[in-house]
Amino acid sequence: MEIVIASKNPGKIREIQEILGKGVNLLSLSDLSLDIELAEDGERPRENAGKKALSVSALAKRPALADDSGIEIEALDWTPGVLSARFGGDIDYKKKNQMILELLSGLPVEKRKTRYICVVSLAYPNGRIETAEGMVEGVIAEEPKGKGGFGYDPIFYYPPMDKTFAELSPEEKNRISHRAKALCKIKRFLIRGQESWEKGKGTEAQRHRGTEEDRSQESKDRRQKAK
Ligand code: IMP
């Protein structure tokens, strides 16, 4: 099964491929030589994921998957959310994480609540779209820990495992993460949608073949008449 991934974030793409498994061949925008701006100008992740999946699917003429995710922190009025990638401007994640730790400095554990949210949309070239959401709750750690994952993972402490997300193995993170939960729900649509997409492609091909056969019959008839 082939799906285009409407993302340029290598950390995300790697995780999505790991979660979906080998049965799904994720094609990147560069695999298809598509140079497209993935606008995230909506206020809600659902809007952004839907828009990205629909525009890439229409352009690539294939099913497309988009994810809009982010971290929400209670002490920051549940921001940065959809603006997580832009938080603090054009600085690396080490600095973004440091900024958050400074903003929360001195706050006790009960005031450091956070959550990752993820919305995944699967769109087809005919405009059909399926969307699913996932969420995981945690606590902003006192200091960064771990080298795995990406983005805010070193400061996202997950109490049930007594580790930050960056200290988890990929398998562990992909069992419990916001992205895994959303993708698990979308997998059901993926199988059903792929079957009807494949069937639709068949009809399209048959229609095309039919037209060619008709055309060759027409020219045979014309030749017959001319004799
Ligand atoms: P976007 O969905 O492309 O807008 O980017 C989502 C941003 O949210 C990422 O670039 C990270 O900053 C953050 N984020 C989302 N999911 C994760 C995760 O699993 N680990 C770490 N950071 C994440």
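As a matter of local geometry, the ligand sits amid 18 residues, with Lys12, Glu40, Tyr93, Asp153 and Lys173 nearest to it. One of the side-chain nitrogen or oxygen atoms of Lys173 is found 2.8 Å away from an oxygen atom of the ligand. Side-chain polar atom of Arg179 to a nitrogen atom of the ligand: 2.9 Å apart, as the coordinates give it. Computed on the free molecule, the ligand has an accessible area of 490 Å², of which 95% lies beneath the protein chains in the complex. Looking at the shell around the ligand, the elements with two or more residues in it are β3 (64-73) and α5 (178-226). The biggest single contributor to the shell around the ligand is β3, with four residues.

Moving on, we get to the packing of aromatic side chains. For the structure shown, the criterion picks out five aromatic pairs. Taken together, a centroid distance of 5.1 Å and an interplanar angle of 90° make the contact between Tyr93 and Tyr152 edge-to-face. Highlighted residues: Tyr93 in helix α3 (residues 93-103) and Tyr152 in the loop between β6 (129-140) and β7 (156-158), separated in sequence by 59 residues. Take Tyr93: its relative accessible area is 31%, and that puts it in the partly exposed class. Among the residues examined, Tyr152 registers a relative accessible area of 5% and is labelled buried. Ring centres of Tyr116 and Phe165 lie 5.8 Å apart, and the angle between their planes is 40°; this geometry places the pair in the tilted category. Here Tyr116, found in strand β5 (residues 113-123), pairs with Phe165, found in the loop between β8 (163-164) and α4 (170-176); they are 49 residues apart in sequence, far enough to count as distant.

Attention now moves to a positive patch on the surface. Side chains of Lys181, Lys185, Arg188 and Arg192 sit close together on the surface and give a patch of like positive charge. Turning to its location among the elements, Arg192 is positioned in helix α5.

Our focus in this paragraph is helix α1 (residues 10-20). Among the residues of α1, Gly11, Lys12, Glu15, Ile16, Ile19 and Leu20 are the ones counted as buried. Around the axis of α1, the buried residues are gathered within 150° of arc, so they sit on the same side. Gly21 sits one or two positions beyond α1 and adopts a positive phi of about 85°.

A word on unusual backbone geometry. Here the bond from Thr79 into Pro80 is cis, since omega is 0°, no more than 30 degrees from zero. Position of Pro80 relative to the elements: it lies in strand β4 (residues 79-80). One non-glycine residue, Trp78, lies in the positive phi region at around 60°. Examined against the element boundaries, Trp78 turns out to sit in the loop between β3 and β4.

What the largest pocket holds in volume is close to 540 Å³. Elements supplying a minimum of two residues to the lining of the largest pocket: β3 and α5. By residue number, the principal contributor to the lining of the largest pocket is β3, which donates four residues. The residue inventory of the lining of the largest pocket, partitioned by class, reads nine nonpolar, seven polar and ten charged.

Mapped onto the elements, Lys173 comes out in helix α4. According to the relative accessible area criterion, Lys173 is buried, its value standing at 3%. At a separation of 2.7 Å, a polar atom in the side chain of Lys173 contacts the side chain of Glu15. The residues contacting Lys173, other than those within four sequence positions of it, are Glu15, Phe150, Asp153, Phe165, Leu168 and Arg179.

Definitions and limits used
- Residues numbered from 1 in each chain as written.
- Predicted model: local features only at pLDDT ≥ 70, side-chain atom pairs only at ≥ 80, totals over all residues.
- Heavy atoms only, no water.
- Near = heavy atom within 4 Å.
- Polar contact = N/O pair within 3.5 Å; in protein donor to acceptor, adjacent residues only side chain to side chain.
- Areas by Shrake-Rupley, 256 points an atom, 1.4 Å probe, with all protein chains shown as cover.
- Helix = DSSP H or I, 4+ residues; strand = E, 2+ residues; numbered from the N terminus.
- Phe/Tyr/Trp six-rings, centres within 6.5 Å; stacked < 30°, edge-to-face > 60°.
- Buried < 20%, exposed > 50% of the residue type's maximum accessible area, 1.4 Å probe, protein only.
- Patch = residues over 30% accessible without salt bridge, like charges linked within 9 Å, V, L, I, M, F, W, Y side chains within 5 Å.
- Salt bridge = Lys/Arg side-chain N within 4 Å of Asp/Glu carboxyl O.
- Lys, Arg positive; Asp, Glu negative; His and termini not counted.
- Charge placed at Lys NZ, Arg CZ, Asp CG, Glu CD.
- Arc of directions from axis to C-beta.
- 1 Å grid on protein atoms, 1.4 Å probe; cavity = no way out; pocket = protein on both sides within 12 Å on 5 of 7 lines; lining within 4 Å.
- Points joined across faces, edges and corners; volume = space filled by probe spheres on them.
- Nonpolar A, V, L, I, M, F, W, Y, C, P; charged D, E, K, R; others polar.
- Contact = heavy atoms within 4.5 Å.

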